[in-house]
Amino acid sequence: MEEITAETFQIEDKAELIDQMMTKYGQEILQLAYSYVNSKEVAEDLTQDIFLKCYNSLHTFKGKSKLRTWLWQIAINHCKDYLKSWYKKNVIDPKTENVFDKGQNDNVEQTVIQKDEDDKLVMEIMKLPVKYREVIYLFYFEELTIKELATLIGNNQNTIKTRLKRSKELLKKKLEDNLNGR
Amino acid sequence: MEDRLKNLRHSMDKTKFNQLNFSDQLRKKIHKRIEKQNESKESIYLAVLQLLANKKTGYDLTKLLRSRGIQFFEEDEGNLFTMLHSFEQNGYLLSNWDENGAKHYQISRRGKNLLQQSEKNEMQKRLVVKQLLER
């Protein structure tokens, strides 16, 4: 992924910079948010908040990290804050409720027909607790390195490795259970 | 397991992410929110200048802002003082300390001119706020 460099950062018009960032990173931030909240609507709302936050904190960006890393940190923190928030815990959004089984709602047949292997894997990943889900997502989907993960999530590299290993064990077990019809 | 996970990018694009799209609509919504927020910031800056037509302490100012229904600085008074400081640095406000150690602020001639400009027309409000914030 090509980086927006410090040079482009000199642009005076903040709104224009944000626009460029949205062009470049909008889609991945939306997907990242989705990987945390598992709902299209909430992910879109959070993406809005994230770019707004980014706009308001641009002056704090010191150029120590890459702009993209910085944006991702904001995004990850924001998603986690949302998951911890009172709102999330106390208000059940009818739209998110059935999101795991959206396919089933859309089409009854799909509940009967065995789900595609890929589908199952993704579904199980989305059911993992956040701390396991995020490492799987960032490592395998975004193909980030352990080091990058450590920076983004704010843990040391060994913790990340352990978590990855644990996540895979959990997933494997879930998938085996599925096969055995449990 | 490892292989299947290595393939995750592909499977997720196919299953979960095909419904996700960072649309123009979403982009526009974000721009709109930024704009709206900036507008309200602008009116707050101008309200501060207006309220400082007479000498006031920062504390008095927070009370007056609250009574105008401006909640921008609620629980974040520090921000107000940062703002007052930069206005002062830029010469839009005058200040002095009284014997109790409280700092009083008042609009300067320069600030008044600026305020008048902004009251003349809406379009200029933008420029004025830009001026206020620039060093």
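Here the structure is a predicted model, which is why all the values come from computation and not from measurement.

Observations regarding the overall build of chain B
Okay, so step 1: What chain B contains, in helices and strands, is seven helices and three strands.
Okay, so step 2: Going from N to C terminus, chain B has its helices and strands arranged as α-α-α-β-α-α-β-β-α-α.
Okay, so step 3: The burial tally for chain B puts 16% of its 135 residues in the buried class.
Okay, so step 4: Contacts in chain B between residues at least 24 apart in sequence constitute 42% of all its contacts with a sequence separation of at least 6.

Focus on the overall build of chain A
Okay, so step 1: Within chain A one finds twelve helices and zero strands.
Okay, so step 2: A total of 182 residues make up chain A; the buried ones form 25% of that total.
Okay, so step 3: For chain A, the proportion of contacts with a sequence separation of at least 24, taken over those separated by at least 6, is 60%.

Considering the sheet that holds strand β1 (residues 56-57) of chain B
Okay, so step 1: With respect to topology, three strands assemble into an open sheet ordered β1-β3-β2 (chain B), the strand pairing being antiparallel. The strands lining the two open edges of the sheet, one partner per strand, are β1 and β2 (93-97) of chain B.

Details of the interface of chain A and chain B
Okay, so step 1: The interface of chain A with chain B comprises 24 residues on the first partner and 22 residues on the second.
Okay, so step 2: Mapped by element, the contributors of at least two residues to the side of chain A that touches chain B are α2 (14-37), α3 (40-57), α9 (117-127), α10 (130-141) and α12 (157-179) of chain A.

A short note on the nonpolar core
Okay, so step 1: In this structure, Ile-29, Ala-33, Val-37, Leu-71 and Ala-75 of chain A are the most contacted members of the largest nonpolar core, which totals 40 residues.
Okay, so step 2: Contributing elements (two or more residues each) for this core: α2, α3, α4 (67-84), α9, α10, α11 (146-153) and α12 of chain A together with α2 (8-15) of chain B.
Okay, so step 3: Top contributing element to this core by residue count: α2 of chain A, with ten residues.
Okay, so step 4: Residues from two domains meet in this core; each of domain 1 (1-97) and domain 2 (98-182) of chain A gives at least three.
Okay, so step 5: Beyond its immediate chain neighbours, meaning those up to four positions away, Val-37 of chain A contacts Val-42, Ala-43, Leu-46, Cys-79 and Tyr-82 of chain A.

What about the confidence of the model for chain A?
Caution applies to low-pLDDT regions: their predicted coordinates should not be interpreted in detail.
All names here are of chain A.
Okay, so step 1: Mean pLDDT over chain A stands at 81; residues scoring 70 or higher make up 79%.
Okay, so step 2: Predicted confidence for residues 101-105 stays below pLDDT 50, and this span has four contacts to residues more than four positions away or in other chains.
Okay, so step 3: Note that pLDDT drops below 50 for residues 110-114; the model gives that stretch three contacts with residues more than four away or on any other chain.

Considering the pairing of strand β3 (residues 103-107) of chain B
Residues and elements named next belong to chain B.
Okay, so step 1: Across two bridges, the pairing between β1 and β3 is antiparallel. Looking across to β3, one finds that Thr-57 is bridged to His-104.
Okay, so step 2: For β2 and β3, the ladder comprises five bridges, and the chain directions are antiparallel. Considered in β3, the bridge of Trp-97 is made with Lys-103.

Here we look at unusual backbone geometry
Residues and elements named next belong to chain A.
Okay, so step 1: The phi dihedral of Asn-38 is positive, around 60 degrees, even though this residue is not glycine.
Okay, so step 2: Turning to its location among the elements, Asn-38 is positioned in the loop between α2 and α3.
Okay, so step 3: The phi dihedral of Glu-143 is positive, around 55 degrees, even though this residue is not glycine.
Okay, so step 4: Within the fold, Glu-143 resides in the loop between α10 and α11.
Okay, so step 5: On the basis of neighbour counts, which here come to 12 C-beta atoms within 10 Å, the residue Glu-143 falls in the exposed class.

A look at the packing of α3 of chain A against helix α3 (residues 24-51) of chain B
Okay, so step 1: The N-to-C vectors of α3 of chain A and α3 of chain B enclose an angle of 45 degrees; their axes lie 10 Å apart at closest approach. On the basis of their axis angle, the class for α3 of chain A and α3 of chain B is oblique. Relative to α3 of chain B, the crossing made by α3 of chain A is right-handed. Across the interface between the two elements, Glu-44, Thr-47, Gln-48, Phe-51, Leu-52 and Tyr-55 of chain A of α3 of chain A pack against Leu-26, Lys-29, Ile-30, Arg-33 and Ile-34 of chain B of α3 of chain B.

Considering the confidence of the model for chain B
Residues and elements named next belong to chain B.
Okay, so step 1: Per-residue confidence for chain B gives a mean pLDDT of 83, with 89% of residues at or over 70.
Okay, so step 2: For chain B, the element scoring lowest by mean pLDDT is helix α7 (residues 122-133), at 63; β3 scores highest, at 93.
Okay, so step 3: This complex was scored by the predictor with a pTM of 0.68 and an ipTM of 0.72.

Quick notes on the rules
Residues numbered from 1 in each chain as written. Chains lettered and ligands numbered in written order. Predicted model: local features only at pLDDT ≥ 70, side-chain atom pairs only at ≥ 80, totals over all residues. Helix = DSSP H or I, 4+ residues; strand = E, 2+ residues; numbered from the N terminus. Buried ≥ 20, exposed ≤ 12 C-beta atoms within 10 Å, placed from the backbone. Contact = placed C-beta atoms within 7 Å. Pairing = 2+ DSSP bridges. Core = buried A, V, L, I, M, F, W, Y, C linked by C-beta atoms within 7 Å. Domains from an automatic or database assignment. pLDDT = per-residue confidence, 0-100. Axes fitted to C-alpha atoms, helices over the stretch in contact; angles between N-to-C directions. Parallel < 35°, antiparallel > 145°, perpendicular 65-115°, else oblique. Left-handed = near helix turned anticlockwise from the far one by under 90°.

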